[in-house]
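What the coordinates show
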Amino acid sequence: MLYKNSQKRYYLENAIYFVTTKTEENYPYFRNLILAEYIIEVIRMARIYKRCNIFGYVVIPDHVHLLVQPFGKYTISDFMHYLKRHSSRNIRILISRKLVGEDGHPRLQGGIWQSSFHDHIIRDEEDFNRHVEYLRINPVKHGLVKEGEKYPYLYIYEKIIYGII
């Protein structure tokens, strides 16, 4: 089924989406290790509650990339709404209660995310592999690790790594 919502977003049944969502004003919330671990936990919860496959993700200090396949009645918008709503609320609480260290400029008004997200529907196996590689190199591109170093906030489904998918 193909249809659009008011944001001109396309929904295809069983499609895999490459999604990018950025923090408000590109603020590096996920430089904080507690917040980086927390957003990964919210991704895992969103996978369960909004029924989808997660093929990979990378958490960069000011944005997140994901390879997601919603199924059943849920869409990519449902998944992202859950992820952004729950993480925004709880990250603001963690910061306001000083449970995580911040640089003295906590953003406590509104959400922590920019209002929308960018999505790309994966077209074929080559496109999928290109986006998996993009996840893999993104921490290097942003200077978070050197080539070949393991980045703790990168996940690629192990069946992809071993060529099973």
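Residues numbered from 1 in each chain as written. Predicted model: local features only at pLDDT ≥ 70, side-chain atom pairs only at ≥ 80, totals over all residues. Heavy atoms only, no water.

This next bit is on the pattern of salt bridges. Under the counting rule described, the total for this entry stands at four salt bridges. A salt bridge links arginine 44 to glutamate 41; the shortest N-O distance between them is 3.6 Å. A residue pair is termed a helical-turn pair when its members lie 3 or 4 positions apart in one helix, as arginine 44 and glutamate 41 do in helix 1 (residues 33–49) at three residues. Across the pair glutamate 126 and arginine 130 runs a salt bridge, and its minimum N-O distance is 3.6 Å. (Salt bridge = Lys/Arg side-chain N within 4 Å of Asp/Glu carboxyl O. Helix = DSSP H or I, 4+ residues; strand = E, 2+ residues; numbered from the N terminus.)

How two aromatic rings sit relative to each other is set out by the distance from centre to centre and by the angle between their planes. Under the definition given, this model contains eight aromatic pairs. On the numbers, 5.8 Å between centres and 35° between planes, the contact of tyrosine 49 with tyrosine 82 is tilted. Within this pair, whereas tyrosine 49 is found in helix 1, its partner tyrosine 82 is found in helix 2 (residues 76–96), the two being separated by 33 residues in sequence. Each ring, one from tyrosine 151 and one from tyrosine 153, has its centre 5.7 Å from the other, and the planes form 85°; the classification is edge-to-face. Both residues of the pair, tyrosine 151 and tyrosine 153, belong to the buried class. Ring pairs connect the aromatic residues Phe55, Phe128 and Tyr157, which therefore count as one cluster. (Phe/Tyr/Trp six-rings, centres within 6.5 Å; stacked < 30°, edge-to-face > 60°. Buried < 20%, exposed > 50% of the residue type's maximum accessible area, 1.4 Å probe, protein only.)

Let us look at the sheet that holds strand 7 (residues 154–156). Spatially, the five strands line up as an open sheet ordered 6-3-5-4-7, and their pairing is antiparallel. Strands with a single pairing partner mark the edges of an open sheet, and in this sheet they are strand 6 (118–121) and strand 7. Pairwise comparison of adjacent strand axes, ignoring direction, gives a mean angle of 20° for this sheet. Sheet topology note: the strand 3 (residues 17–22)/strand 6 ladder contains four bridges and is antiparallel. Following the sheet pairing, threonine 20 is matched in strand 6 by histidine 118. (Pairing = 2+ DSSP bridges. Axes fitted to C-alpha atoms, helices over the stretch in contact; angles between N-to-C directions.)

Before going further, it helps to examine the packing of helix 1 against helix 2. Between helix 1 and helix 2, the shortest axis-to-axis distance is 9 Å and the interhelical angle comes to 145°. Here helix 1 and helix 2 pass one another in a crossing that is right-handed. Taken together, the residues of helix 2 that come into contact with helix 1 (itself represented by Leu35, Tyr38, Ile39, Val42, Ile43, Met45, Ala46, Arg47 and Tyr49) are Phe79, Tyr82, Leu83, His86, Ser87, Asn90, Ile91, Leu94 and Ile95. Among the residues making up the contact of helix 1 with helix 2, the classes are represented as 14 nonpolar, three polar and one charged. (Left-handed = near helix turned anticlockwise from the far one by under 90°. Contact = heavy atoms within 4.5 Å. Nonpolar A, V, L, I, M, F, W, Y, C, P; charged D, E, K, R; others polar.)

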